[in-house]
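# Summary of the model geometry
What follows is each chain in one-letter form.
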Amino acid sequence: MSEEGKPERWITETLYDSVQFSFKADQVIFEDHTEHQDLVLFQNRIFGKVLMLDGVTQVTSRDEFVYHEMMAHVPILAHGKATSVLIVGGGDCGLAEEVLKHKTVSNLVQVEIDAAVVDFSKTHFCDFNQGVMEDSRFELVIDDGVKFVADTARKFDVVLVDSTDPIGPGAVLFTPAFYASIKSCLNPGGVLVTQNGVPFYQPDELSQSITHFSKLFGDAFCYIAAIPTYIGGHMALGWATDNMSLRTASVDTISNRFECAGFETRYYTPQVHQAAFALPRFIQNVVDSSR
Ligand code: SAM
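Residues numbered from 1 in each chain as written. Predicted model: local features only at pLDDT ≥ 70, side-chain atom pairs only at ≥ 80, totals over all residues. Heavy atoms only, no water.

## Quick look at the packing of aromatic side chains
The following threshold applies: For this analysis, a ring pair means two rings from Phe, Tyr or Trp (six-membered ring only for Trp) whose centres lie within 6.5 Å, classed as stacked if their planes differ by under 30 degrees, edge-to-face if by over 60, and tilted for the remaining angles. What counts as a helix is a DSSP run of H or I of at least four residues, what counts as a strand is a run of E of at least two, and both are numbered from the N terminus. The classification of residues rests on relative accessible area computed with a 1.4 Å probe and restricted to protein chains. Under 20% of the type maximum is buried, over 50% is exposed, and intermediate values are partly exposed. Our definition puts a charge over a ring when NZ of Lys or CZ of Arg is within 6 Å of the ring centre and also within 35 degrees of the ring normal.
Per the stated rule, a full pass over the model turns up 17 aromatic pairs. Aromatic side chains Y16 and Y201 sit 4.5 Å apart centroid to centroid with 50 degrees between the ring planes, which places their arrangement in the tilted category. Residue Y16 is found in the loop between β1 (9-13) and β2 (21-25), and its partner Y201 is found in the loop between β11 (186-195) and α7 (203-216); the two are separated by 185 residues along the sequence. Judged by relative accessible area, which is 14%, Y16 ranks as buried. Residue class for Y201 comes out partly exposed when judged on its relative accessible area of 29%. Plain terms: the ring middles of F200 and F282 are 6.2 Å apart, the flat faces sit at 85 degrees to each other, and that makes the pair edge-to-face. In this pair, F200 is assigned in the loop between β11 and α7 and F282 in helix α10 (residues 281-290), connecting sequence segments 82 residues apart. Grouping aromatic residues by their ring pairs yields a cluster made of Y16, F200, Y201 and F282. Across the ring face of F217, the terminal group of K183 is positioned such that the distance to the ring centre comes to 5.0 Å. Positioned above the aromatic ring of F65 is the side chain of R266, whose terminal nitrogen or guanidinium carbon lies 4.1 Å from the ring centre.

Spelled out as structure tokens, the structure:
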């Protein structure tokens, strides 16, 4: 029972069959079954606003900065000359906000399957996506990411797959056909970064992506970040490019680019950038055995 005598509501993430993580929902703000998935937004004392889709935590207002900064700034600053960026998924628009901090990016296309997630995030996550919709460099396409990359003739320097896990509408975003289409819409030397789960719990998710990447790209790897919401230790961000030098750029090079970019971060630093590619042995083994 809560202090007001109301029954407490706990919302459980159902991603794993043997381990579950529950949040106390101090207030359920919004609950809906969209055209594509079940959506619930609630308030939690520690994580702030929490968004779950189909029972899987997507984003929280308290720790979104870790995931979004690491997904945006590592590839863009490693690339060094990125002007065009594609986001697949990313409905809460927190990743778009980080990408648009790079004034060198002249166009950002985001392809999200579920208009309801974007609409509702405009209201409920405006603390971290404010300004995205008004930015003339931003173009939102409501479509299946798989269809978009298969059909488009446009080319990008950086492609970011900010997807749900490989269940529901996100399953197609982990397939070899999807990665092959992305390869065709990358400019030479471009880089793909993907949400690749928590290797401690989901080694197969990482392993399968690395296997697919290695058939298409010269460099198939991942880097890591510790995001409190995604329980189980490090989260893996998949990395695929034909430019073998991108992931070994020196801290000095990255620091110069970061200084020129001229914005503040809360997790990302050039040192963290470089260290993120140093994998703990058990994750390195997954990568090595998958290529
Ligand atoms: N950071 C999150 C995580 O790893 O838990 C991902 C967040 S973001 C909200 C994921 C988005 O991917 C959702 O808005 C979902 O609608 C979108 N999505 C899922 N399948 C998709 C598809 N096939 N094409 C485009 N967007 C898709």
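## Considerations on the site of the ligand
To keep things clear, this is the line we draw: A cutoff of 4 Å decides nearness: a residue is near a molecule or strand if any of its heavy atoms lies inside that distance of it. We define a polar contact as two N or O atoms separated by no more than 3.5 Å, with the added condition that, inside protein, one atom must be a possible hydrogen donor and the other a possible acceptor, whereas residues neighbouring each other in sequence contribute only through side-chain atom pairs. Values of accessible area rely on a 1.4 Å probe in the Shrake-Rupley scheme; residue burial ignores everything except the protein chains shown. Gly is put with the polar residues, along with every residue not named as nonpolar or charged; the nonpolar set is Ala, Val, Leu, Ile, Met, Phe, Trp, Tyr, Cys and Pro, and the charged set is Asp, Glu, Lys and Arg. Bear in mind that the domain bounds are from an automatic or database domain assignment.
Contacts to the ligand come from 26 residues, most closely from Q37, E112, D144, G145 and Y230. Taking D144, its side chain carries an N or O atom lying 3.0 Å from a nitrogen atom of the ligand. At a separation of 3.1 Å, a nitrogen atom of the ligand approaches a polar backbone atom of P169. Protein contacts shield 100% of the accessible area of the ligand, which totals 590 Å² for the unbound molecule. For the shell around the ligand, the elements supplying multiple residues, two or more each, are β6 (56-60) and β8 (107-112). Split by residue class, the shell around the ligand holds nine nonpolar, 11 polar and six charged. Mapped onto the domain boundaries, the shell around the ligand takes at least three residues apiece from domain 1 (9-60) and domain 2 (64-290).

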